[in-house]
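# Chain and residue survey
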Amino acid sequence: MGGGLRSRLARVGGTAAALAIGISVLPGVAPAAQAAVVAPGDVQINEVYGGGGNSGATFQNDFVELRNTGTEPVSIDGWSLQYASRTGSFNNTLALSGTIAPGDTFLIQLAAGNGNGEPLPAADLTGGINASGTGGVFALSDASGKLACTGTACAEDPAVVDLVGWGGAATFSGEAPAPATTNATSASRVAATGENSTDFATGAPTPTPSGTPTDPTDPVDPDPEPEPDPEPAREATIAEIQGTGPASPLAGQTVTTEGVVTAVYATGGLNGYVIQTGGTGGALSFDTHKGSTAVFVYSRDTMDQVAIGDSVEVTGAVSEFNGSTQITVAAGGLTKADQPLEAVEPATLKAFPTDEAERESLEHMLYLPGAGDFTVTDVYGTSGYGEVGLAIGDAPLRQAGDVMRPGADATAYYEEQATKLVLLDDGKTTNFSRNPDQPMSWLTTEEPVRVGASTTFTEPVVVSYSFNQWRLNTTTPWESASTDGVDFENTRQATPNEVGGDFQVATFNVLNYFTTLGVDTPGCTPYTNMDGEGTNVRGGCLPRGAWDETSFERQQSKIVEAISTTDAEVVGLMEIENSARLGETADEATASLVAALNERDGAGTWSYVPTAPAYAAAGVEGGQDAITNAIIYKSASVKPVGDAQILVGDPAFDNAREPIGQVFVPVRSGDDAADGEIVEGEPFFFAVNHFKSKGSADAEDANLPADPVQGNARTSRLQQAEALNTWVTAKAAELGVEDILLGGDFNAYTQEEPLQLFYEAGYTNLGAEFDPEGWSYSFGGMVGSLDHVIANASATERITGATDWSINGPESVMTQYSRYRNNTVNIYEPGVFGSSDHNPLIVGMDAGFPAVEEPTDPTEPTDPTDPTEPGTPGDGEHPGKGSDRPQENPGKAPGHAGKPGKPDHAGKPDKAPGHAGKPGKPDHAGKPGKAPGHAGKPGKPDHAGKPGKPDHAGKPGKPAKPGNAGKRAFALQG
């Protein structure tokens, strides 16, 4: 039960109105992309039913019913009906034949289940397709060949005549799939706009073969007896109308009842108002409160005659509409009360319930949430139907794979999340993506609505239910942020939390940064905004980024400001144009981004790691995908050693981007080095990765049961993790580098199998270690980290902190360049927010510079009673970076005391040409065979390492490391 909204034939929640790309979404909920629509022709899919023969089935067989809506007969010889599971591809095809007369139906009988239900009427055609009882995809094609499309691409396939995805399907026409069915219900067409979510409604199956009469066959009495007078309306309280179960015990009866008007929807499409029994509400306990005392009144005729606070009496028929109890009131069915009823008090609760019966007892009642009762967990669909996903409690919903290892417990946790979701509804039925001239609800530049924000309700809302989602409706249609009765916490943070260290390493997804523009590329088609201007590439070509120079500048300006503001010295990039794959100069897009960064930060500040030499050495021209990975760096802070290292030719990466790595050495000059010489720190190997997405199934998972926690292609990602681990271990040994960082978009949440492989190999997830509440990506109403930096044991000893900078994941997509002017309310703004859809992750790291022993004044005595100081609180240029989050990033990762100092030893042999050797150190030979230009690390005695940071006041100065007091800087030449 819930908001009885007759005009809302199908309306999927904000979390449901999105393109399902295979990442874990709330059960039964699929997310939306920019809509691709199959414009229905004369022959349409009219009804689909997949529960045939199952327990509780209405009929023994599945079926699909076609209808010819045209005025001429249509032959379907050579056509095909094709079926795909909710997340799969079209692997079931039935050849069609026959002719459908104008206005007639055509019944196709499909597979039988277990014999439950009634036999179907005699069908026009029989096939063996076995459909799901709850959701799937049927495509009607005018060709016999198997359709290869999935997702939104199917709506653009010229061979597709009609397309119906329902029940959370990833493939559908329009913005969202049709509602889910059961073994006792089908999805039937009620409109023909091409939008599955509103074109189909669920109800009792009505299979109709061709030739079925639509008019009565019995003769009609020309002088029928007049209808008897209707039974007088029954007087009933609202509590009696509602009952205590899921449906009204008075459904189908005409009743008269009274109440106080608590909400009015005379505009916006809901077409009615809510009344509640006078004197009810207030503090409720479910020990005693068992049934609702409010009901929705559907009445186009009287909705403009009432105001909030009116005491009224209504007469009308009770019904259940889409799970909601309502009274339909005609003209004359409303009477204003002579005496006002006792006022209604908004209900207050200790916490909003997750139990269905308890929620039912609140249906349509006025409710005022308390502080901390709800947190924003989803804003993806807010720009569509004006719905904000709220999580019960003080945190957004978390992806199961981010919390625990996949398995039965994780699946149960995942399924439980759906019970914690409630939609904050704008009290309208408007689809703003179809009506961009109407200002969208909730989203403004004055009050950003972001995932993770707490909510404060200053006005009550109405608890309602419609289209499989519980909602909190505003009491009048939404108008503005200043009058909506909800305050959202502003969680934007203009700069990242401090992470400490001598330098920082970051990951950044640049959201398909392409310098090859769609407008310049034959075959490309654009997404367009409300002004008809192209914003980004929709398809038809290899480029995936900005449509024209104007859109590109909007995109690039955000990315440049965000990368610069990370303050990182090394940045791994994902989703950047693979220029060589597009026939352009290799690394052209990366070079363009670096040029833009240098224009902002100063000439020569940034450089990039060229990939062409490494690909050429492997005998290939570039990566296999149109997007690739890249590494950029600040040349004053780090120095690349040797060429890029690329994992080329491994079959595990045939469906993903190849890992790209580089050895770096931190460098320091200026006041920190004697006589202007440059000091080198300890080398490290950094590889950036972008594993196979969860967006589509692949052959590797063909024989595995579906896993809602890990999604599609989990085997591919595990194989990629195995290949990466093997490669990087061998490569580091070959290069003589001990410390390894692996970063990027692993498309796996923190506890999923690919990450577990690395943990078992001794790697530490730095985001989880130092910023356990952080996350990088929001999808399907839940948050989690797909983006990671993991470090092997020796590198972890150098880590001082890590943070997810939440500038992208929490934002509405409408802040991105590609949604510029998609609504008359334009929330695209210059700046870092909405620069991508993934948050950057920033890691602080010790450089491993040799300690310089400061001379002491031999005449100044020390106080023997003072405790030994670890050093100064940080020097002027490197004061240390702490965190503004309490108790975060206190120093080294737990269990890692820091790398110890080095005893005196003979020095590092075999420096690279052009590098003067470091002076020899007695008593220790060091390790040979380091990366070119770097002799091995010497042995290390046990020692406490670097002290932690008290209260994040900045990193304390480091005591001189044993054996390094006399180590002097050496010059870098060439």
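That block above? That's the structure.
Keep in mind that this is a model prediction, so the values were computed, not measured.

Let us look at the overall build of the chain. On a plain count of helices and strands, the chain comes out with 13 helices and 46 strands. The buried share of the chain, reckoned over its 974 residues, is 57%. When the accessible surface of the chain is split by element, carbon and sulfur atoms take 50% of a total near 36,900 Å².

A few words on the pattern of salt bridges. The final tally for this structure, using the stated rule, is 22 salt bridges. For Arg 398, the salt bridge is made with Asp 402, and the minimal N-O distance between the two is 2.9 Å. Here Arg 544 and Asp 625 are joined by a salt bridge, their closest N and O atoms 2.7 Å apart. Of the two residues, Arg 544 sits in the loop between strand 32 (534-539) and helix 7 (549-565) while Asp 625 sits in the loop between helix 9 (612-617) and strand 35 (627-634), which places them 81 residues apart along the sequence. Taken together, the salt bridges that share partners define one network made up of Arg 450, Arg 492, Glu 811 and Glu 829.

The relative placement of two packed helices comes down to the angle between their axes together with the axis-to-axis distance. Here helix 10 (residues 714-735) crosses helix 11 (residues 753-760) at 25°, and the two axes come no closer than 8 Å. The pairing of helix 10 with helix 11 is recorded here as roughly parallel in orientation. Both helix 10 and helix 11 take part in a crossing whose hand is right-handed. Within the contact between the two elements, helix 10 uses Arg 717, Leu 718, Ala 721, Glu 722, Leu 724 and Asn 725 and helix 11 uses Glu 753, Pro 754, Leu 757 and Phe 758. Class assignment of the residues belonging to the contact of helix 10 with helix 11 gives a composition of six nonpolar, one polar and three charged.

All right, on to the packing of aromatic side chains then. By convention here, two paired aromatic rings are described through the distance between centres and the angle between planes. Counted according to the given criterion, the structure contains 22 aromatic pairs. Ring geometry for Trp 442 and Trp 478: centres 5.9 Å apart, planes at 55°, overall tilted. Taken together, the residues Trp 442 in the loop between strand 25 (421-425) and strand 26 (455-457) and Trp 478 in the loop between strand 28 (469-473) and strand 29 (486-488) connect sequence positions 36 residues apart. For the residue pair Trp 442 and Trp 478, the accessibility class agrees, reading buried in each case.

A positive phi angle is found at His 364, which is not glycine, with a value near 70°. In this structure, His 364 sits in the loop between helix 3 (356-360) and strand 22 (366-367). The phi angle at Phe 467 is positive, at roughly 50°, despite the residue not being glycine.

This paragraph deals with the sheet that holds strand 30 (residues 503-513). Strand order across the open sheet formed by six strands is 34-35-33-30-46-45, with mixed pairing between neighbours. The open sheet has two free edges, formed respectively by strand 34 (606-608) and strand 45 (799-804), since each of these has just one partner strand. Within the sheet, the average angular offset between the axes of one strand and its neighbour, ignoring direction, is 20°. Alignment of strand 30 against strand 33 (residues 570-577), held across six bridges, turns out to be parallel. Looking at strand 33, one finds that Tyr 513 is bridged to Ile 576. Packing of helix 7 onto the sheet brings it into contact with strand 30, strand 33, strand 34 and strand 35, and relative to strand 30 it is tilted by some 170°. Taken strand by strand, helix 8 (residues 588-601) contacts strand 30, strand 33, strand 34 and strand 35, and its axis lies near 170° from that of strand 34.

Glancing now at a negative patch on the surface. A cluster of acidic side chains, namely Asp 520, Glu 549, Glu 553 and Glu 599, defines a negative patch on the protein surface. One can find Asp 520 in the loop between strand 30 and strand 31 (525-528).

Looking at where Gly 452 falls in the secondary structure, it is placed in the loop between strand 25 and strand 26. Overall, Gly 452 belongs to the partly exposed group, its relative accessible area being 27%. Along the backbone, Gly 452 and Leu 390 are 62 residues apart, and their C-alpha atoms lie at a distance of 9.3 Å. Residue contacts for Gly 452: discarding those within four places in its chain leaves Thr 375, Val 376, Pro 396, Glu 489 and Thr 491.

Moving on, we get to the nonpolar core. Here is a general trend for soluble globular proteins: nonpolar side chains tend to be buried in one another's company. In this structure, Phe 352, Phe 374, Leu 424 and Leu 472 are the most contacted members of the largest nonpolar core, which totals 47 residues. With four residues, strand 27 (residues 461-466) is the largest single contributor of residues to this core. For Leu 472, the residues in contact, after removing those within four places along its chain, are Phe 352, Tyr 367, Phe 374, Leu 390, Val 422, Leu 423, Leu 424, Asp 425, Phe 457, Val 461, Val 462 and Val 463. By size, the runner-up hydrophobic cluster in this structure holds 32 residues, among which are Phe 508, Leu 573, Ile 632 and Ile 807.

All right, on to the pairing of strand 10 (residues 160-166) then. Taken across its seven residues, strand 10 has seven buried, putting it largely inside the fold. Note: strand 9 (residues 136-141) against strand 10, six bridges, orientation antiparallel. Bridge pairing in strand 10 places Ser 141 opposite Val 160.

All right, on to helix 7 then. Given a rise of 1.5 Å per residue, 17 residues ought to cover 24 Å, and the 24 Å separating the end C-alpha atoms of helix 7 matches this to within 8%. With 12 of 17 residues buried, helix 7 lies mostly within the body of the structure. Buried residues of helix 7: Ser 551, Phe 552, Arg 554, Gln 555, Gln 556, Lys 558, Ile 559, Val 560, Ala 562, Ile 563, Ser 564 and Thr 565, and no others.

We now examine helix 10. A rise of 1.5 Å per residue sets the reference length of helix 10, with its 22 residues, at 32 Å; its end C-alpha atoms lie 31 Å apart and thus fit the reference within 8%. Gly 736 lies just past helix 10 and shows a positive phi near 70°.

Take the pairing of strand 39 (residues 684-690) next. Here strand 39 lies mainly inside the structure; seven of its seven residues are buried. By the alternation rule, side chains of strand 39 split into Phe 684, Phe 686, Val 688 and His 690 and Phe 685, Ala 687 and Asn 689, which are all buried. Across six bridges, strand 39 lies against strand 40 (residues 740-745) in parallel orientation. Across the sheet, residue Val 688 finds its bridge partner in strand 40, namely Gly 743. A crossover connection joins strand 39 to the parallel strand 40 through helix 10; in handedness this β-α-β unit is right-handed.

A few words now on the sheet that holds strand 2 (residues 61-68). Read across the open sheet, the six strands follow the order 8-7-2-1-11-12; overall the sheet is mixed. Each of the sheet's edge strands pairs with one partner strand only, and the pair in question is strand 8 (125-126) and strand 12 (200-203). Both strand 7 (residues 105-112) and strand 8 contribute to a ladder of two bridges, which runs parallel. Along strand 8, the bridge assignment pairs Ile 108 with Leu 125.

What the rule picks out here adds up to two disulfides. Paired by a disulfide, Cys 149 and Cys 154 hold their sulfur atoms 2.2 Å apart. On the sign convention where negative means left-handed, the S-S torsion of about 110° between Cys 149 and Cys 154 marks this disulfide as right-handed. By relative accessible area, which is 0% here, Cys 154 ends up buried. Note that Cys 524 is cross-linked by a disulfide to Cys 541, the S-S spacing being 1.8 Å. Where Cys 524 bonds to Cys 541 through sulfur, the torsion about that S-S bond is close to 100°, and the disulfide is right-handed. Of this pair, Cys 524 sits in the loop between strand 30 and strand 31 while Cys 541 is found in the loop between strand 32 and helix 7, placing the two residues 17 residues apart along the sequence. Taking only the cysteines that form disulfides and numbering them from first to last, the chain has the pattern 1-2, 3-4.

Along the chain, the position of Ala 239 falls in helix 2 (residues 238-242). For the pair Ala 239 and Gly 291, spaced 52 residues apart in sequence, the C-alpha separation works out to 6.4 Å.

How each quantity is defined
- Residues numbered from 1 in each chain as written.
- Predicted model: local features only at pLDDT ≥ 70, side-chain atom pairs only at ≥ 80, totals over all residues.
- Heavy atoms only, no water.
- Helix = DSSP H or I, 4+ residues; strand = E, 2+ residues; numbered from the N terminus.
- Buried < 20%, exposed > 50% of the residue type's maximum accessible area, 1.4 Å probe, protein only.
- Areas by Shrake-Rupley, 256 points an atom, 1.4 Å probe, with all protein chains shown as cover.
- Salt bridge = Lys/Arg side-chain N within 4 Å of Asp/Glu carboxyl O.
- Axes fitted to C-alpha atoms, helices over the stretch in contact; angles between N-to-C directions.
- Parallel < 35°, antiparallel > 145°, perpendicular 65-115°, else oblique.
- Left-handed = near helix turned anticlockwise from the far one by under 90°.
- Contact = heavy atoms within 4.5 Å.
- Nonpolar A, V, L, I, M, F, W, Y, C, P; charged D, E, K, R; others polar.
- Phe/Tyr/Trp six-rings, centres within 6.5 Å; stacked < 30°, edge-to-face > 60°.
- Pairing = 2+ DSSP bridges.
- Patch = residues over 30% accessible without salt bridge, like charges linked within 9 Å, V, L, I, M, F, W, Y side chains within 5 Å.
- Lys, Arg positive; Asp, Glu negative; His and termini not counted.
- Charge placed at Lys NZ, Arg CZ, Asp CG, Glu CD.
- Core = buried A, V, L, I, M, F, W, Y, C linked by side-chain atoms within 4.5 Å.
- Expected span 1.5 Å × (residues − 1).
- Right-handed = clockwise from strand over helix to strand, strands pointing away.
- Disulfide = S-S within 2.5 Å.

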